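Structural description and commentary
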Amino acid sequence: MWKTVVRRFLIMIPQLFVLSMLIFILAKFMPGDPFTGLITPQTDPARLEELRQQAGFYDPWYVQYWHWVTNMFRGDFGDSYTFKVSVASLIGDRGLNTLWLSLVSVILTYLIAIPLGVIAGRYQNTLRDKTIVLYSFVSYAIPTFVLALIFLYIFGYQLQWFPTSGTVSVGEDPGTWGYFWSKVYHLILPAITYAFLATTSIIQYLRSEIIDAQTQDFVKTARSKGIPMNKVYTRHIFRNSLLPIAAFLGFSITGILGGSVFIETIFGFPGMGQLFIQSIMGRDYSVITALVMLYGFLALLGSLLSDIILSIVDPRIRIE
Amino acid sequence: MTLSKPLLEINHLFTSFRIKDTYYDAIHDVNLTLNENEVLAIVGESGCGKSTLATSIVGLHPPGNTTVIGEILYKGENLVNYSEDKLNKIRGNDIGFIFQDPLSALNPLMRIGDQIEEGLVFHTKMTDQERKARALELLDQVGIVNPERVARQFPHQLSGGMRQRVMIAIAIACKPRIMIADEPTTALDVTIQAQILDLLIELQQETNAGIMLITHDLGVVAEVATRVAVMYAGQVIEVAPVEELFRNPKHPYTRSLLNSIPQTERDHDRLQVIQGMVPTLTKMPKSGCRFAPRIPWVSENAHEVEPQMHEISPGHLVRCTCWQTFNFEEQETKEGVVQ
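Thresholds applied
Residues numbered from 1 in each chain as written. Chains lettered and ligands numbered in written order. Predicted model: local features only at pLDDT ≥ 70, side-chain atom pairs only at ≥ 80, totals over all residues. Heavy atoms only, no water. Helix = DSSP H or I, 4+ residues; strand = E, 2+ residues; numbered from the N terminus. Buried < 20%, exposed > 50% of the residue type's maximum accessible area, 1.4 Å probe, protein only. Contact = heavy atoms within 4.5 Å. Areas by Shrake-Rupley, 256 points an atom, 1.4 Å probe, with all protein chains shown as cover. Lys, Arg positive; Asp, Glu negative; His and termini not counted. Charge placed at Lys NZ, Arg CZ, Asp CG, Glu CD. Domains from an automatic or database assignment. Buried area = accessible area lost by both parts, 1.4 Å probe. Salt bridge = Lys/Arg side-chain N within 4 Å of Asp/Glu carboxyl O. Polar contact = N/O pair within 3.5 Å; in protein donor to acceptor, adjacent residues only side chain to side chain. Nonpolar A, V, L, I, M, F, W, Y, C, P; charged D, E, K, R; others polar. Core = buried A, V, L, I, M, F, W, Y, C linked by side-chain atoms within 4.5 Å. UniProt positions renumbered as here; feature names shortened; annotations may be inferred. Phe/Tyr/Trp six-rings, centres within 6.5 Å; stacked < 30°, edge-to-face > 60°. Lys NZ or Arg CZ within 6 Å of the ring centre and 35° of its normal. Pairing = 2+ DSSP bridges. Axes fitted to C-alpha atoms, helices over the stretch in contact; angles between N-to-C directions. Parallel < 35°, antiparallel > 145°, perpendicular 65-115°, else oblique. Left-handed = near helix turned anticlockwise from the far one by under 90°.

**Overview of the overall build of chain B**
Looking only at helices and strands, chain B features 11 helices and 12 strands. With the C-alpha coordinates of chain B rotated into their principal frame, the extents come out at 65 × 45 × 45 Å. Taken across its 339 residues, chain B has 51% of its residues classed as buried. Restricting the contact set of chain B to residue pairs at least 6 apart, pairs at least 24 apart contribute 66%. Carbon and sulfur atoms make up 51% of the accessible area of chain B, which totals about 15600 Å². In chain B, 31 positive and 43 negative side-chain charges are present, and the distance between their average locations comes to 5 Å.

**Looking at the environment of Ser 256 of chain B**
Residue and element names in this part refer to chain B. Relative to the helices and strands, Ser 256 is located in helix 10 (residues 252-259). For the pair Ser 256 and Gln 275, spaced 19 residues apart in sequence, the C-alpha separation works out to 9.7 Å. In this structure Ser 256 touches Ile 274, Phe 291, Phe 326 and Phe 328, once residues within four positions along its chain are discounted.

**Some points on the domain arrangement of chain B**
Residue and element names in this part refer to chain B. In terms of domains, chain B is made up of domain 1 (1-94 + 176-191 + 202-262) and domain 2 (104-175). The straight-line distance from the C-alpha centre of domain 1 to that of domain 2 is 25 Å. Facing 12 residues of domain 1, the contacting portion of domain 2 comprises 11 residues. In total, domain 1 and domain 2 occlude about 870 Å² of area from one another, counting both sides; carbon and sulfur atoms represent 61% of this. Our enumeration of links across domain 1 and domain 2 arrives at 0 salt bridges. Inspection of the domain 1/domain 2 interface yields 3 residue pairs in polar contact (both at pLDDT 80 or more). For the side of domain 1 that touches domain 2, the elements supplying multiple residues, two or more each, are helix 2 (84-90) and helix 7 (190-207). By residue class, the composition of the side of domain 1 that touches domain 2 is 5 nonpolar, 3 polar and 4 charged.

**Examining the environment of Leu 103 of chain A**
Within the element layout of this structure, Leu 103 of chain A appears in helix 4 (residues 87-122). Sequence separation between Leu 103 of chain A and Ile 253 of chain A is 150 residues; the distance between their C-alpha atoms is 7.6 Å.

**Points about the nonpolar core**
Residue and element names in this part refer to chain B. Judged by nonpolar contacts, the single largest core of 70 residues is most densely connected at Leu 32 and Ile 57. Sort the elements by how many residues they give to this core and helix 6 (residues 160-172) lands first, with 7 residues. Looking at which domains feed residues into this core, each of domain 1 (1-94 + 176-191 + 202-262) and domain 2 (104-175) gives three or more. With 29 residues, the next largest nonpolar core counts Ile 237, Tyr 253, Phe 291 and Cys 320 among its residues.

**Let's talk about the UniProt feature "transmembrane region" (unreviewed entry) in chain A**
All names here are of chain A. Look at the UniProt record and you will see "transmembrane region" (unreviewed entry) annotated at residues 9-27, 99-120, 132-155, 184-206, 242-267 and 287-313. The straight-line gap between the two end C-alpha atoms of residues 184-206 is 29 Å; of that span, 100% is helix and 0% is strand. Each end of residues 287-313 is marked by a C-alpha atom, and these two atoms are 38 Å apart; helix forms 100% of the span and strand 0%.

**Here we look at the packing of aromatic side chains**
Aromatic ring pairs: the centre-centre distance and the angle between the two ring planes describe each pair. If you walk through the whole model with that rule in mind, you get 19 aromatic pairs over all chains. A network of ring pairs unites the aromatic residues Tyr 135, Phe 151, Phe 155, Trp 161 and Phe 196 of chain A as a single cluster. Over the aromatic face of Tyr 233 of chain A sits the side chain of Arg 122 of chain A, whose NZ or CZ is 4.1 Å from the ring centroid. A cation over an aromatic ring shows up here: Lys 86 of chain B above the ring of Tyr 82 of chain B, its NZ or CZ 4.5 Å from the ring centre.

**Quick notes on the domain arrangement of chain A**
Residue and element names in this part refer to chain A. When the domains of chain A are assigned, the result is domain 1 (20-86) and domain 2 (94-317). Each of domain 1 and domain 2 was reduced to a C-alpha centroid, and the two centroids are 37 Å apart. In this complex, domain 1 contributes 14 residues to the contact, which on the side of domain 2 involves 13 residues. Together, the buried faces of domain 1 and domain 2 total about 1100 Å²; carbon and sulfur atoms form 72% of this surface. Linking domain 1 with domain 2 are 0 salt bridges, by the criterion used here. For the interface between domain 1 and domain 2, the tally reads 0 residue pairs in polar contact (both at pLDDT 80 or more). Where the side of domain 1 that touches domain 2 is concerned, the elements lending two or more residues are helix 1 (2-29) and helix 3 (61-73).

**Thoughts on the UniProt feature "domain: ABC transporter" (unreviewed entry) in chain B**
The UniProt entry lists residues 8-258 of chain B under the feature "domain: ABC transporter" (unreviewed entry), expressed in the numbering used here. The span residues 8-258 of chain B is 39% helix and 28% strand, and its two end C-alpha atoms sit 28 Å from each other.

**Details of the sheet that holds strand 5 (residues 77-78) of chain B**
Residues and elements named next belong to chain B. Spatial strand order, 2-1-4-5: 4 strands in an open sheet with antiparallel pairing. Strands with a single pairing partner mark the edges of an open sheet, and in this sheet they are strand 2 (22-35) and strand 5. Pairing of strand 1 (residues 6-19) with strand 2, which is carried by 10 bridges, proceeds in the antiparallel orientation. Pairing of Phe 17 across the sheet is with Tyr 24, part of strand 2. Across the face of the sheet, helix 1 (residues 50-57) comes into contact with strand 1, strand 2 and strand 4 (66-74) while running at roughly 110° to strand 1.

**Details of the pattern of salt bridges**
All names here are of chain B. As enumerated under the stated definition, the model contains 16 salt bridges over all chains in all. Of the charged contacts in the structure, one is a salt bridge between Glu 38 and Arg 227, with a shortest N-O distance of 2.9 Å. Note that Glu 38 is positioned in the loop between strand 2 and strand 3 (39-43) and Arg 227 in strand 9 (residues 227-232), a separation of 189 residues in sequence. Given the relative accessible area of 12%, Arg 227 is considered buried.

**A closer look at the interface of chain B and chain A**
Contact residues are listed per partner, giving 28 residues for chain B and 20 residues for chain A. It is Leu 109, Glu 118 and Phe 122 of chain B in chain B that bury the most area against chain A; as a group they hold 28% of the surface buried on that side. Between Glu 118 of chain B and Arg 235 of chain A there is a salt bridge, with the nearest N and O atoms lying 2.7 Å from each other. In this assembly, chain B and chain A are joined by 15 residue pairs in polar contact (both at pLDDT 80 or more). At the level of elements, helix 2, strand 6 (95-98), helix 3 (112-123) and helix 6 of chain B are the ones that each hand at least two residues to the side of chain B that touches chain A.

**Focus: the packing of helix 4 (residues 128-141) of chain B against helix 6 of chain B**
When two helices pack together, their arrangement is given by the angle between the helix axes and by the axis-to-axis distance. All names here are of chain B. The interhelical angle for the contact between helix 4 and helix 6, taken along N-to-C directions, is 125°, at an axis separation of 9 Å. Regarding the angle of helix 4 to helix 6, the classification is oblique. Relative to helix 6, the crossing made by helix 4 is right-handed. Across the interface between the two elements, Arg 134, Leu 138, Leu 139 and Gln 141 of helix 4 pack against Val 166, Ala 169 and Ile 172 of helix 6. Looking at side-chain class alone, the contact of helix 4 with helix 6 contains 5 nonpolar, 1 polar and 1 charged residues.

**Side note on the sheet that holds strand 9 of chain B**
All names here are of chain B. Strand order across the open sheet formed by 8 strands is 6-7-8-3-9-10-12-11, with mixed pairing between neighbours. This sheet does not close on itself; its edge strands, each paired only once, are strand 6 and strand 11 (309-313). Across the sheet, the mean angle separating the axes of adjacent strands is 20° when strand polarity is ignored. The pairing of strand 6 with strand 7 (residues 178-182) spans 4 bridges and is classified as parallel. Counted as the bridge partner of Phe 97 is Ile 180 from strand 7. Each of strand 3, strand 6, strand 7, strand 8 (210-215) and strand 9 is contacted by helix 1, which is oriented at about 145° to strand 8, the strand it contacts most.

Next comes the structure, spelled out in structure tokens:
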């Protein structure tokens, strides 16, 4: 098991190499240079040229690439031109916010989706099932930003149940319970919005898996042993139906670490998604490249995580 | 044969499935008796209703779209009227099931030991240790060499033959009076088939249980059955003791079936087949002899209008009267035309 995990990490090296090359090439193609944002009417073009020289702008591409990669390994992703701080610390702050938001969102999503999917699958074609399917179609059809705006308007502005932006109230001291609860309080509305939309695929997956599992031979065997139907569901059908969902979990954990662009932007939540949008708007190349690189890494990590989770829940899959 | 006590009596059983709001009979007026200490083989082509018959007995068919009418008498009570809860007391405890494909019939995520113990949980008051011990004992009984290890393994780690042994261990866990084996050897190699059949018979002789063996393999029938019921299109068309059936088959369908077995001593250039196909559920003739369309050269007058079972010698029953005039010669001459 551990050997496989290590080997999978080693396989990630060439994958990351290809990814970094692609990102580097794309970055090189982007218009402007790191100093475009610094230009003001007072800037001396000669001084600008000097800065470009210093930064290695005229070096051959492979030298530039080498600098970029080696710096990255040292945790140096350069500085953000718009925020005037190092990219690493910027991502660190935003990442932590997103991490909490993701965790709460994923937990909420599965808490809602699993019971609904199970009920819809078990009571197929009943009113309960049809209601749940209708809900999942509606939530699938609503664009994120529309729902986010509606929730923000209703629960944030009209009812004023939840704060409308930020991650923590002003005046709370870090480390206290008040600070902690304030953080959680700020998370709830964006997390609910996310969960409301993300449940769709899990409900549909689970529903069809359960309908499928009901007709499997081992269910007939279980029934032939004289096991009551409720127990057949809990002991046989659910466990087998949850396999694809478990496989999905790895991706959803790392996927959501990338942050939700819409939700974070609309709820004014300073996370990774919002940072990504801001850096694109502000042509903050060093942040963009670092983020894309990070997203790529997370995607690879997600697939590894999914494989590990699947091998834990499904004895037929043993990664050796 | 007639001396042994009947365990299970099936009288006028009709099982129908709903297809687009109409119910169609998959089992039509089946009458059968399963006695103690016998192997009753149910033979027939795919789709003739043999598996449906098996699942009807303890209501294992998918609920909702199925109706079962008639009488299935077990210990003097009609199982057809039983509620799901009452059936659960019978299933696994009094009637054990063995299914065709042991890989798909075992839960892939559950250890073998747990799957064997499951029935015991619901039918006995054994403690955890007793159940564990019983599971190992059962595995040993079905001829598994290393029970401790196998009990901890998952189905995919076993060979096909071992899986079917595990299935049998599950079926006999509560010492059932009746075992229903639905094509237990179809998914196995020929050499393993013989082992599994031997095991079934051996276990039966220990417990005096009655086995209902569903198969389409006449070789299996000849080897282990005491009596045979031949099914065609949802009906039993001939019942006879095994020797009688092979030596003196009456119904045209039974004779065609036996005739279609390739034999080395007979010098045929082509495989003997029965022309036509089993009608599908929705195209089943509503009245008359259901086999008539497949023996068109037999005149209509030879068939009964409402074919009944006739006892032509003790224990040998045949449906319809068409067997009296049926012969193969005309088919032989027709073959050139048909093919």
